Amino acid sequence: MGEAAGIRAAAARAVAAVAGNGQRLESALAEVVPGRAQRPAIQSLAFGTLRWYFELDACLGLLLDRPAAALDPEIRALALVGLFQLSHGATPAHAAVAETVEATRVLGRPRAAGLVNALLRRFQREGAAIMGRAHENPQARHAHPSWLLDALMHEWPDHWQVIVAAGNAEPPMWLRVNRRHGTRDAYLARLAAAGMSAECSAFAPEALRLAQPVNVGELPGFAEGAVSVQDAAAQLAPYFLAAQSGMRVLDACAAPGGKACHMLELEPGIAELVALDIDPLRSKRIEENLSRLRLTAKVVVGDAANADWWDGRAFDRILLDAPCSGTGVIRRHPDIKLLRRPDDIARFRAAQLALLRSVYALLTPGGRLLYASCSVLRAENSAMVGEFLSADSTALDVTESARLLLPGVAPVQCPGPGCALPSGAADADGFYYACLEKRA
Ligand SMILES: C[S@@+](CC[C@H](N)C(=O)[O-])C[C@H]1O[C@@H](n2cnc3c(N)ncnc32)[C@H](O)[C@@H]1O
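Given the structure is predicted, the values throughout are model-derived calculations rather than measurements.

A. Summary view of the pairing of strand 3 (residues 207-210). With four bridges connecting them, strand 1 (residues 173-177) and strand 3 associate as antiparallel partners. Bridge pairing in strand 3 links Met 173 to Leu 210. As paired strands, strand 2 (residues 198-200) and strand 3 are joined by three bridges and run antiparallel to one another. The residue bridging Cys 200 from the neighbouring strand is Leu 208, located in strand 3. Linking two consecutive strands that pair antiparallel, namely strand 2 and strand 3, is a turn of six residues.

Set out below in structure tokens:
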């Protein structure tokens, strides 16, 4: 059985696991990838197919004379992988069709070969017309689920198209230069010497966007901690929080430690940084990052929604980078388009509010808390923070004054408390930040 067909079959299995079983793409890929060498090709097909799922599935519906749901889930996913290659892929069409048809045998369903062959060949002939008809439906045209599209159009009347375009794009690779090792310009020169080009972010002082993503092992000085991978939008957190020398800092949802390490890189005088996370496996990633970057923090496995882990000493600064819908980082996790449901948003909001109330209680009077999320939905951001502020008269929203002190001009919008970056603006992820201070 050919390797190319095996790659398509594995991609189809991963897509079926996400679309049919609600599994996360990362874990689905870990189960289906036969060997390291094939991983990039399988990943690229599975990511691309999920990125365009709502468009491709609408096309499939038009190609079939029965509901797509009646197909075997892996054959349906394989047909979508085939349609992805024909409409968005780089493989020549005849090879894409032949290998995808061959993949029916790898999947143990040789009798589906005729159906997949007929579908893909018809799409080769009539693709433009079929795509045109599919695009009459906004969900297919924008390749986002209709509930999310409606929310984005309503909440971001001037930006929803940028957000949707970002959600359909391949993500850039942003780096964070470790200021303890040198300047951003010096690292740019190291990259250039290694044959890599990059551009500086207009608003995040340590951020560089690589022209071409690479494996981290190829980055000069990565193992020694000269640089980390982190989106430009996420790199604003330490600037909003403004931790100073001598302060005690809590990162309440810290794993894998990106923002905690950035804070420590920028302010060596922090007296103690407690990096808390509920997930023991993810907490190990904090330790790994601290060790690679030669930084020190107290890593604690515990639940930020209660104070069981707390030693009773208040914090001057608290970062709450809460679990959220991830709607600002869809370009990095296209499975979010399929996995999230409208009901999830209210659940996230309730959990975020509980976490915010819980950690705010640990903030010293006069101290600052930064709530951050990579959601672009108001329910998880300004509406949730607004609910918190209306019930706690000790808390003040100081985001605007903190924003004016940022080192560059971030593309932000500020209706209600906090401020938000739409995904795609300045090629950064979508993010929300709210700076709250406790009255002294
Ligand atoms: C958005 S990620 C944090 C990313 C991190 N701040 C960074 O910059 O690398 C959210 C984290 O919250 C953690 N988490 C979820 N619920 C939690 C809870 N109740 N208490 C502590 N951590 C929690 C998750 O395990 C996850 O690692």
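Now that the structure has been shown, the text picks up again.
B. Summary view of the site of the ligand. With respect to spatial proximity, 18 residues lie near the ligand, and among them Cys 253, Ala 255, Gly 258, Ala 304 and Asp 321 are the closest. Mapped onto the shell around the ligand, the elements with two or more residues apiece are helix 13 (258-266) and strand 6 (272-277). Tallied by class, the residues present in the shell around the ligand amount to ten nonpolar, two polar and six charged.

C. Fine view of the environment of Cys 253. Looking at the secondary structure, you find Cys 253 in the loop between strand 5 (248-251) and helix 13. Those residues in contact with Cys 253 that lie beyond four places of it in its chain are Asp 277, Ala 304, Leu 320, Asp 321, Ala 322 and Pro 323.

D. Examining the sheet that holds strand 2 more closely. Spatially, the four strands line up as an open sheet ordered 2-3-1-4, and their pairing is antiparallel. Two strands lie at the open edges of the sheet, namely strand 2 and strand 4 (227-229), each paired on one side alone. Neighbour-to-neighbour, the strand axes of this sheet turn through a mean angle of 35 degrees, independent of strand direction.

E. How the structure looks around unusual backbone geometry. Between Ala 255 and Pro 256 the backbone carries a cis peptide bond, its omega angle lying at 5 degrees. Structurally, the position occupied by Pro 256 is in the loop between strand 5 and helix 13. Residue Arg 294 is not a glycine yet carries a positive backbone phi of 55 degrees. Mapped onto the elements of the fold, Arg 294 is located in the loop between helix 14 (280-293) and strand 7 (298-301). Non-glycine residue Ala 426 carries a positive phi angle of around 55 degrees. Within the secondary structure, Ala 426 is located in the loop between strand 11 (419-421) and strand 12 (431-438). Looking at Ala 426, the number of C-beta atoms within 10 Å reads 18, which means it is partly exposed.

F. Layout of the pairing of strand 5. Relative to strand 6, strand 5 is paired through four bridges, and the arrangement is parallel. Residue pairing for strand 6: Val 249 is matched across the bridge by Leu 273. Once you follow strand 5 into helix 13 and on to strand 6, the crossover reads as right-handed. As defined by bridge partners, strand 5 adjoins strand 8 (residues 315-321) across three bridges and the pair is classed as parallel.

G. Structural context of the nonpolar core. Within the largest apolar cluster, 93 residues are counted, with the highest numbers of intra-cluster contacts made by Leu 320, Leu 370, Tyr 371 and Tyr 433. At six residues, the largest contribution of residues to this core is made by strand 12. Inspection of this core shows a minimum of three residues originating in each of domain 2 (173-229) and domain 3 (233-438). In contact with Tyr 371, other than residues within four places in its own chain, are Leu 320, Ala 322, Leu 356, Val 385, Ala 434 and Leu 436. Counting residues in hydrophobic clusters, the runner-up holds 50 residues, among them Ala 11, Ala 19, Leu 29 and Ala 79.

H. Up close: helix 4 (residues 53-63). Burial of helix 4 is extensive: eight of the eleven residues sit out of reach of the surface. Of all the residues in helix 4, the buried ones are Tyr 53, Phe 54, Glu 55, Leu 56, Asp 57, Ala 58, Cys 59 and Leu 60. Along its buried surface, helix 4 packs onto helix 1 (3-21), helix 3 (39-51), helix 5 (73-88), helix 7 (113-134), helix 8 (138-142) and helix 15 (336-339).

I. Region of interest: helix 5. With 16 residues, helix 5 extends 22 Å from end C-alpha to end C-alpha; this agrees with the ideal 22 Å at 1.5 Å per step. When we look at burial in helix 5, the residues that qualify are Glu 74, Ile 75, Arg 76, Ala 77, Leu 78, Ala 79, Leu 80, Val 81, Gly 82, Leu 83, Phe 84 and Gln 85. At its buried positions, helix 5 is contacted by helix 1, helix 3, helix 4, helix 6 (93-106) and helix 7.

J. Broad picture of the packing of helix 4 against helix 7. Relative to each other, helix 4 and helix 7 sit at 115 degrees, their axes nearing to 9 Å. The angle between the axes of helix 4 and helix 7 places the two elements in the roughly perpendicular class. The hand of the helix 4/helix 7 crossing is right-handed. Packed against helix 4, whose contacting residues are Glu 55, Ala 58, Cys 59, Leu 62 and Leu 63, the element helix 7 presents Leu 119, Arg 122, Phe 123, Ile 130, Met 131, Arg 133 and Ala 134 at the interface.

K. View of the packing of helix 1 against helix 6. For the pair helix 1 and helix 6, interaxial distance at closest approach is 8 Å and the crossing angle is 70 degrees. In terms of axis orientation, helix 1 runs roughly perpendicular to helix 6. On helix 6, the residues touching Ala 4, Ala 5, Gly 6, Arg 8, Ala 9 and Ala 12 of helix 1 are Glu 99, Thr 100, Glu 102, Ala 103 and Val 106. Looking at the contact of helix 1 with helix 6, its residues break down into six nonpolar, two polar and three charged.

Parameters and conventions
- Residues numbered from 1 in each chain as written.
- Predicted model: local features only at pLDDT ≥ 70, side-chain atom pairs only at ≥ 80, totals over all residues.
- Pairing = 2+ DSSP bridges.
- Helix = DSSP H or I, 4+ residues; strand = E, 2+ residues; numbered from the N terminus.
- Near = placed C-beta within 6 Å.
- Nonpolar A, V, L, I, M, F, W, Y, C, P; charged D, E, K, R; others polar.
- Contact = placed C-beta atoms within 7 Å.
- Axes fitted to C-alpha atoms, helices over the stretch in contact; angles between N-to-C directions.
- Buried ≥ 20, exposed ≤ 12 C-beta atoms within 10 Å, placed from the backbone.
- Right-handed = clockwise from strand over helix to strand, strands pointing away.
- Core = buried A, V, L, I, M, F, W, Y, C linked by C-beta atoms within 7 Å.
- Domains from an automatic or database assignment.
- Expected span 1.5 Å × (residues − 1).
- Parallel < 35°, antiparallel > 145°, perpendicular 65-115°, else oblique.
- Left-handed = near helix turned anticlockwise from the far one by under 90°.

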